[in-house]
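# Results of the structural survey
Now for the letters of each chain:
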Amino acid sequence: MTPSTLARRGLLSLAVAALATALTPSAVYAAPPLRVILPVSAGSGVDANVRTAQVALSKALGGQPVVIENLPGAGGITGTQALVKAAPDGNTIAVVSNNHAVNPSVFKNLPYDSLGDITPITVIGGSPFVFVVNPKVPAANAKELQALLKSKPDALNIASSGNGTIIQLAGRVVIDALGGKAHDIPYKGMGPMITDLMSGQVEMGASSVVAIQGQLKAGTLRAIGLMGKERLGSLPDVKTFAEQGFPDANMSGWFVAVGPKGMPAAQVQRLHDALVAAFNDPEVKASFAKQENHLVLGTPEQAAQFLKSEQDRYARMVEKAKVAVE
């Protein structure tokens, strides 16, 4: 074999190796991964739902790694502020929930424009809320809780995931519908709130179903009523508040994928299509349904309209419930 032949074979081997390396996911995405900011604490409903789709989302993005980052605080403001400061290059998104639409009405000076400083991508879906009590509370349904509240005005505490959050507003909606009063005890996230509910440090509170399904099944928390229009397959014996004669105690959660302001249309479409594919993955879809969530996955335009309408709706609710943060 001549030296020239050996040289040609060596170059061919190097080319094949280079091509193989170029086709591996790690090489393709040596650039930054997709950073998904969650302005909520670990263990919340949104956190559980997004993590369910993490692997499928990476696959839908052609192998781009997906890094989920919890940045809770100030009712979601901390995480959202990090999003709006990020480069609009398609490598950073956030999944915001109801708090995003509530905050403009309860915080006097938001450090961003909740509609103008984001790029809506898609409404991913929604989840039902349930109102619960510690098992030591002598009430098993809405009317029994109403009687207890009226017999002990201002004696019971109601927990929330923070001042001005949708969980606080949901709790207020229930208490108002029952015609009672209770002391607000705000926490820094769902995790510590649920811990103190189970221990009996606080008596009651509202939550997404997914965040406390385990506690309800274990009996460490008791459901008083669902805040939606229909019963749930996983909680067949829990009536809605409407069934129990309190139709005004009605609210549900939602979560929307958004990017920073100014994201190019091509990046918005890329991320939208990947999110749709990820949440329609059979395993993800089954897990999503098991957690009693429903999928929406609409267009970016529909997401923009939804966020605007929800912000307007919550402004009216906040004014009625007199929820405010200094």
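Scope of this entry: the structure provided in the associated data block. The shown structure was predicted, so the numbers you read here are calculated from the model rather than taken from an experiment.

### With respect to the layout of surface pockets
Reported here for the largest pocket is a volume of approximately 820 Å³. What lines the largest pocket is a set of 35 residues, among which Met227, Gly228, Asn250, Met251 and Ser252 lie closest to the centre. Taken together, the residues of the lining of the largest pocket sort by class into 16 nonpolar, nine polar and 10 charged. The volume enclosed by the second largest pocket comes to roughly 480 Å³. Around the second largest pocket, the lining comprises 34 residues; the ones closest to its centre are Val40, Asn99, Ser161, Thr165 and Met190.

### Some thoughts on the packing of helix α9 (residues 190-199) against helix α10 (residues 209-218)
Running from N to C, α9 and α10 cross one another at 25°; their axes reach a closest spacing of 11 Å. Considering the angle they form, α9 stands roughly parallel to α10. In this structure, α9 meets α10 at a crossing whose hand is right-handed. On α10, the residues touching Met190, Ile194 and Met198 of α9 are Ala211, Ile212 and Gln215. Of the residues belonging to the contact of α9 with α10, the class tally is five nonpolar, one polar and no charged.

### Side note on helix α5 (residues 77-85)
Along α5, the positions that sit buried rather than exposed are Ile77, Gly79, Thr80 and Leu83. Viewed along the axis of α5, the buried residues span an arc of 160°, placing them on a single side of the element. In this structure, the buried residues of α5 make contact with β1 (34-38), β3 (92-97), α6 (98-106), β4 (118-133) and β9 (252-260).

### Some words on the side chain of Ser97
One can find Ser97 in strand β3. Discounting chain neighbours no more than four positions away, the residues touching Ser97 are Val40, Val46, Trp254 and Phe255.

### Examining α9
For α9, the full list of buried residues reads Met190, Met193, Ile194 and Leu197. The arc enclosing the buried residues of α9, seen along the axis, measures out at 95°, which places them on a common side. On its buried side, α9 packs onto β4, β5 (157-160), α8 (166-178), β7 (204-208) and α10. Positive phi shows up at Gly200, right after α9, with a value of about 90°.

What counts as what
- Residues numbered from 1 in each chain as written.
- Predicted model: local features only at pLDDT ≥ 70, side-chain atom pairs only at ≥ 80, totals over all residues.
- Heavy atoms only, no water.
- 1 Å grid on protein atoms, 1.4 Å probe; cavity = no way out; pocket = protein on both sides within 12 Å on 5 of 7 lines; lining within 4 Å.
- Points joined across faces, edges and corners; volume = space filled by probe spheres on them.
- Nonpolar A, V, L, I, M, F, W, Y, C, P; charged D, E, K, R; others polar.
- Axes fitted to C-alpha atoms, helices over the stretch in contact; angles between N-to-C directions.
- Helix = DSSP H or I, 4+ residues; strand = E, 2+ residues; numbered from the N terminus.
- Parallel < 35°, antiparallel > 145°, perpendicular 65-115°, else oblique.
- Left-handed = near helix turned anticlockwise from the far one by under 90°.
- Contact = heavy atoms within 4.5 Å.
- Buried < 20%, exposed > 50% of the residue type's maximum accessible area, 1.4 Å probe, protein only.
- Arc of directions from axis to C-beta.

None of the figures reported here should be taken as evidence of function without further support.
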